[in-house]
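# Structural description and commentary
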Amino acid sequence: AHSGIRPGFIAALRVADHLFDESRKLSYQELEKAKPLAVEAAEWYSKARGFSGLLPTEKQLIGIDYGSALEMSSQLDLAISEYRVASEIPGDARAFALLKLGGAYESQGNRAQAEAAYQKITVDFASSDVAPEARNGIRRMKSPNFGAKS
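Residues numbered from 1 in each chain as written. Predicted model: local features only at pLDDT ≥ 70, side-chain atom pairs only at ≥ 80, totals over all residues. Heavy atoms only, no water.

## Some details on the overall build of the chain
Summing up its helical and strand segments, the chain has seven helices and zero strands in all. For the chain, the sequential pattern of α-helices and β-strands runs α-α-α-α-α-α-α. Here the C-alpha radius of gyration of the chain, 16 Å, is about what a compact globule of 150 residues would show, namely 15 Å. For the C-alpha atoms alone, the extent of the chain along its principal axes is close to 55 × 35 × 20 Å. A total of 150 residues make up the chain; the buried ones form 39% of that total. At a minimum sequence separation of 6, the contacts of the chain that also span at least 24 residues come to 54%. (Helix = DSSP H or I, 4+ residues; strand = E, 2+ residues; numbered from the N terminus. Rg over C-alpha atoms; globule rule 2.2 N^0.38 Å. Buried < 20%, exposed > 50% of the residue type's maximum accessible area, 1.4 Å probe, protein only. Contact = heavy atoms within 4.5 Å.)

## Some details on the pattern of salt bridges
Taken as a whole and judged by the stated rule, the model has nine salt bridges. The salt bridge partner of R24 is D21, with a shortest N-O separation of 2.8 Å. Here the residue R24 and the residue D21 both occupy positions in helix α1 (residues 6–27), the gap between them amounting to three residues, near one helical turn. Accessibility expressed as a relative area gives 33% for R24, which makes it partly exposed. (Salt bridge = Lys/Arg side-chain N within 4 Å of Asp/Glu carboxyl O.)

## Notes on the side chain of K35
Relative to the helices and strands, K35 is located in helix α2 (residues 31–49). Owing to a relative accessible area of 17%, K35 belongs among the buried residues under this scheme.

## Focus: unusual backbone geometry
Phi at S74 is positive, roughly 65°, even though this residue is not glycine. Mapped onto the elements of the fold, S74 is located in the loop between α3 (56–72) and α4 (76–88). Residue class for S74 comes out partly exposed when judged on its relative accessible area of 48%.

## Thoughts on the nonpolar core
Judged by nonpolar contacts, the single largest core of 30 residues is most densely connected at F20, A41, Y45, A69, L101, Y118 and I121. Broken down by element, this core gets its largest block of residues, six residues, from helix α5 (residues 94–108). Those residues in contact with F20 that sit more than four places away from it in its chain are A41, Y45, S68, A69 and M72. Residues F9, A12, F51 and I62 belong to the second largest nonpolar core, which totals six residues. (Core = buried A, V, L, I, M, F, W, Y, C linked by side-chain atoms within 4.5 Å.)

Here it is as structure tokens:
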């Protein structure tokens, strides 16, 4: 009923954040029990995205959070799609979206795509807070200790 107005957006976002936080806490003990909460969080993030007046950075952050909930609920392909979209929106969270995209590709075993996402951060966002993590990701992709091909 209130999905198109800002208070509805804020309410949906708070519910989603709460469910995701609870899911993350539970995942440290037993991942399978955390998945239903992550699915529910993803549903609420999807509702929050329905607000038409979102700023670009809000769209990015919701996309990243939505992707994280999808990732936790083992919907990796959908999470990758969300991270990719978030990384293409002009805004302050592009580097973070790329980092999440690289991590999801890495979880999927797609080392080339993971490295490409990490590389984009080191080139386009070299001074960002996540650039050191991206450089570590590139090292992991090239390391024989992490299954890199020689």
